[in-house]
Amino acid sequence: QVQLVESGGGSVQAGDSLRLSCAASGTAINSYAMAWFRQAPGKEREFVAAINWSGANLFYSDSVQGRFTIFRNNAKNMVYLQMNSLTPEDTAVYYCAARLDRDPEHSDPRRFDYWGQGTQVAVSS
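The text that follows walks through the structure, step by step, so that each part is easy to find. (Residues numbered from 1 in each chain as written. Predicted model: local features only at pLDDT ≥ 70, side-chain atom pairs only at ≥ 80, totals over all residues. Heavy atoms only, no water.)

## Details of the sheet that holds strand E3 (residues 18-25)
In plain terms, the rule: If DSSP finds at least two bridges between two strands, the strands pair. Numbering of helices and strands starts at the N terminus; helices are DSSP runs of H or I of at least 4 residues and strands are runs of E of at least 2. For helices, the fitted line uses only the C-alpha atoms of the stretch in contact; every axis is such a line through C-alpha atoms, and the angle between N-to-C directions lies from 0 to 180 degrees.
In space, the four strands of this open sheet follow the order E1-E3-E8-E7, with antiparallel pairing throughout. Pairing within the sheet leaves two strands with one partner each, and these edge strands are strand E1 (3-7) and strand E7 (68-73). Averaged over all pairs of adjacent strands, the angle between strand axes in this sheet comes to 15°, irrespective of strand direction. Pairing of E3 with strand E8 (residues 78-83) involves six bridges; the strand directions are antiparallel. Bridging from a neighbouring strand, Leu20 pairs with Leu81 of E8.

## Quick word on the environment of Gly26
Position of Gly26 among the secondary structure elements: in the loop between E3 and strand E4 (32-39). Once the C-alpha coordinates of Gly26 and Leu4 are considered, the two residues, 22 residues apart in sequence, prove to be 9.0 Å apart.

## Thoughts on the pairing of strand E9 (residues 92-100)
We count it as follows: Residue exposure (1.4 Å probe, protein chains only): buried if accessible area is under 20% of the type maximum, exposed if over 50%, otherwise partly exposed.
When you tally the buried positions in E9, you get seven out of nine residues, the bulk of the element. As defined by bridge partners, E4 adjoins E9 across eight bridges and the pair is classed as antiparallel. What sits directly across from Ala33, in E9, is Arg99. In this sheet, strand E11 (residues 119-124) lies alongside E9 in antiparallel orientation, the contact comprising three bridges. Looking at E11, one finds that Val93 is bridged to Gln120. Two strands pair when backbone bridges link them, and E9 and strand E10 (residues 114-115) are joined in this way by two bridges, in the antiparallel orientation.

## Side note on the pairing of strand E5 (residues 46-51)
Burial of E5 is extensive: five of the six residues sit out of reach of the surface. In terms of strand pairing, E4 meets E5 through five bridges, oriented antiparallel. Paired with Phe37 across the bridge in E5 is Phe47. Counting the residues between successive antiparallel strands, the hairpin from E4 to E5 contains six residues, one of them, Gly42, with a positive phi of roughly 80°. Looking at chain direction, E5 and strand E6 (residues 58-60) are connected through three bridges and run antiparallel. When the sheet's bridge partners are listed, Ala50 is paired in E6 with Phe59. Taking the residues between adjacent antiparallel strands as the criterion, E5 and E6 are bridged by six residues, where Gly55 takes a positive phi near 90°.

Here it is in structure tokens:
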């Protein structure tokens, strides 16, 4: 079992930056692919970014490519999402997710087994 706890959300202005953190416990995550998803009010949960077990392979949605960076520290059992140049369209609850890294799947939320409770990000114009 993997427990995930997100932190770092908040209310910011357009153009600002935030760094989200995901603390994992219960087991070492060095065999897990990790991802960030987000869900805005009235919308489906959408993929944001993913990273494979080693950190060598990174994946981003088109909407955040070039602005967001996902990285991990397996020694600390942590995953991060650095978000730059935020826009109001980035407003959502952001979730950290984990799955054993058995195949290249990285963007389908149904394939992820463990989820955090989410952290709210609000970006005003």
